[in-house]
Amino acid sequence: IRLRIMNKKIAIIHRSEIVRKGLNAIIKNFFNIEIFQFGQFSELLGYPEILSSLQLIFIEDEKLSDRVLFNKLKSNTEIKTIGINSNKEVNMKELKFDTEISILDSSQKIQEILSGFLQSANAPAKEQEGEELTQREKDVLKLVALGYSNKDIAEQLFISIHTVISHRKNTTEKLGIKSISGLTVYAILNKLIDTDNLNPENLI
């Protein structure tokens with residue numbers, strides 16, 4: 001059973017196909033969530049069925065022409081918005097983005113920002129559906145984040161490799177995060193591990 005995050009969607013709005021596809025690839029590498037791409041904001045408004053299920057929108061901030069519609073969307077929905085900034089000279093104070101990223105940001109930074117939004121948005125659902133990680137799943141997750149193999153984890157926790165794999169599968173499904181680097185960042189953000197003990201290669 002997956003969290004409600006799996007029923008939510010992300011939209012990426014940017015003129016550049018390279019930026020759209022690059023951001024799409026970064027997100028897909030860390031999260032199992034549906035993504036839609038548009039060249040401009042007005043295109044998204046033509047798909048109300050997508051708009052109604054969106055959780056996050058990445059938007060090219062300096063070319064957002066319809067600021068009135070954007071601000072109306074922000075004031076009438078719970079959708080979180082992330083501005084995509086490619087020009088540090090642009091002053092975006094008139095736009096009420098929840099946060100911004102730069103096209104020069106690393107995939108790790110983008111994932112950390114996205115993790116925070118997705119976890120925050122799904123906290124109530126997680127509690128309601130009883131989808132919190134069990135203590136054993138957290139134990140396994142810690143060791144995964146620290147770079148241990150399934151065999152090493154089994155030996156550390158005195159369980160079978162089959163049980164380790166089962167816990168990892170359940171954790172991946174509950175969080176909607178499928179990569180080791182994604183799970184590692186989740187563990188860091190939720191203070192399950194001490195970054196001093198972290199292998200930097202896990203974030204690559």
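The structure presented is a predicted model; accordingly, all values stated were derived computationally and were not measured.

Draft legend 1. View of the overall build of the protein. The helix and strand inventory of the protein stands at 9 helices and 5 strands. Of all 204 residues assigned to the protein, the portion counted as buried reaches 45%. Within the protein, counting contacts between residues at least 6 apart in sequence, those at least 24 apart form 62% of the total. With the model as given, the accessible surface of the protein reaches about 11,000 Å², and the carbon-plus-sulfur share is 49%.

Draft legend 2. Spotlight on helix α9 (residues 180-189). A large share of α9 lies buried, amounting to 7 of its 10 residues. Within α9 the residues assigned to the buried category are Ser-181, Gly-182, Leu-183, Thr-184, Val-185, Tyr-186 and Ala-187. Backbone geometry just downstream of α9 places Lys-191 in the positive-phi region, at approximately 55°.

Draft legend 3. Structural view of unusual backbone geometry. Even without being glycine, Phe-158 reaches a positive phi, approximately 60°. You can see Phe-158 is positioned in the loop between α7 (150-157) and α8 (161-175). The exposure class assigned to Phe-158 is exposed, which follows from its relative accessible area of 75%.

Draft legend 4. Fine view of the side chain of Lys-9. Here Lys-9 lies in strand β1 (residues 9-13). Classification of Lys-9 by relative accessible area gives buried; the value is 16%. When neighbours within four sequence positions are excluded, Lys-9 is seen to be in contact with Ile-33, Glu-34, Phe-36, Ser-53, Leu-54, Gln-55 and Leu-56.

Draft legend 5. Focus on α7. Among the residues of α7, those classed as buried are Ile-153, Ala-154 and Leu-157. Take α7 and look down its axis: the buried residues cluster within an arc of 100°, on one side only. Check the buried side of α7 and you find it contacts α6 (135-145) and α8. Within two residues after α7, Phe-158 carries a phi angle of roughly 60°, on the positive side.

Draft legend 6. Layout of the confidence of the model for the protein. Put simply, the protein has an average pLDDT of 79, and 77% of its residues get 70 or more. Per-residue pLDDT, averaged within each element of the protein, yields its smallest value for helix α5 (residues 107-129) (68) and its largest for α7 (94). Below a pLDDT of 50 lies the segment residues 1-6, which in the model reaches 22 contacts outside its immediate sequence neighbourhood of four places, other chains included. In the predicted structure, residues 124-130 sits below a pLDDT of 50 and forms 10 contacts with residues beyond four places in sequence or in another chain.

Draft legend 7. Structural view of the sheet that holds strand β2 (residues 34-38). With parallel pairing, 5 strands are arranged side by side in an open sheet as β2-β1-β3-β4-β5. With partners counted over all chains shown, the strands left at the sheet margins are β2 and β5 (99-102), one partner each. The mean inter-strand angle of the sheet, taken between neighbouring strand axes irrespective of direction, is 20°. Bridge count for β1 against strand β3 (residues 54-60) is 5 bridges, and the pairing is parallel. Directly across from Ile-12, in β3, lies its bridge partner Phe-58. Strands in contact with helix α1 (residues 17-30) are β1, β2, β3, β4 (80-85) and β5; relative to β2, the strand with the most contacts, it is inclined by about 170°.

Draft legend 8. Inspection of the nonpolar core at higher detail. Of all hydrophobic cores here, the largest spans 36 residues; its most connected members are Ile-10, Leu-23, Ile-27, Phe-31, Phe-58, Ile-101 and Leu-114. In contact with Leu-23, not counting residues within four places along its chain, are Ile-12, Phe-58, Ile-84, Ile-101 and Ile-110. Counting residues in each nonpolar core, the second largest holds 14 residues, with Ile-13, Leu-44, Leu-51 and Leu-54 among its members.

The rules we used
Residues numbered from 1 in each chain as written. Predicted model: local features only at pLDDT ≥ 70, side-chain atom pairs only at ≥ 80, totals over all residues. Heavy atoms only, no water. Helix = DSSP H or I, 4+ residues; strand = E, 2+ residues; numbered from the N terminus. Buried < 20%, exposed > 50% of the residue type's maximum accessible area, 1.4 Å probe, protein only. Contact = heavy atoms within 4.5 Å. Areas by Shrake-Rupley, 256 points an atom, 1.4 Å probe, with all protein chains shown as cover. Arc of directions from axis to C-beta. pLDDT = per-residue confidence, 0-100. Pairing = 2+ DSSP bridges. Axes fitted to C-alpha atoms, helices over the stretch in contact; angles between N-to-C directions. Core = buried A, V, L, I, M, F, W, Y, C linked by side-chain atoms within 4.5 Å.

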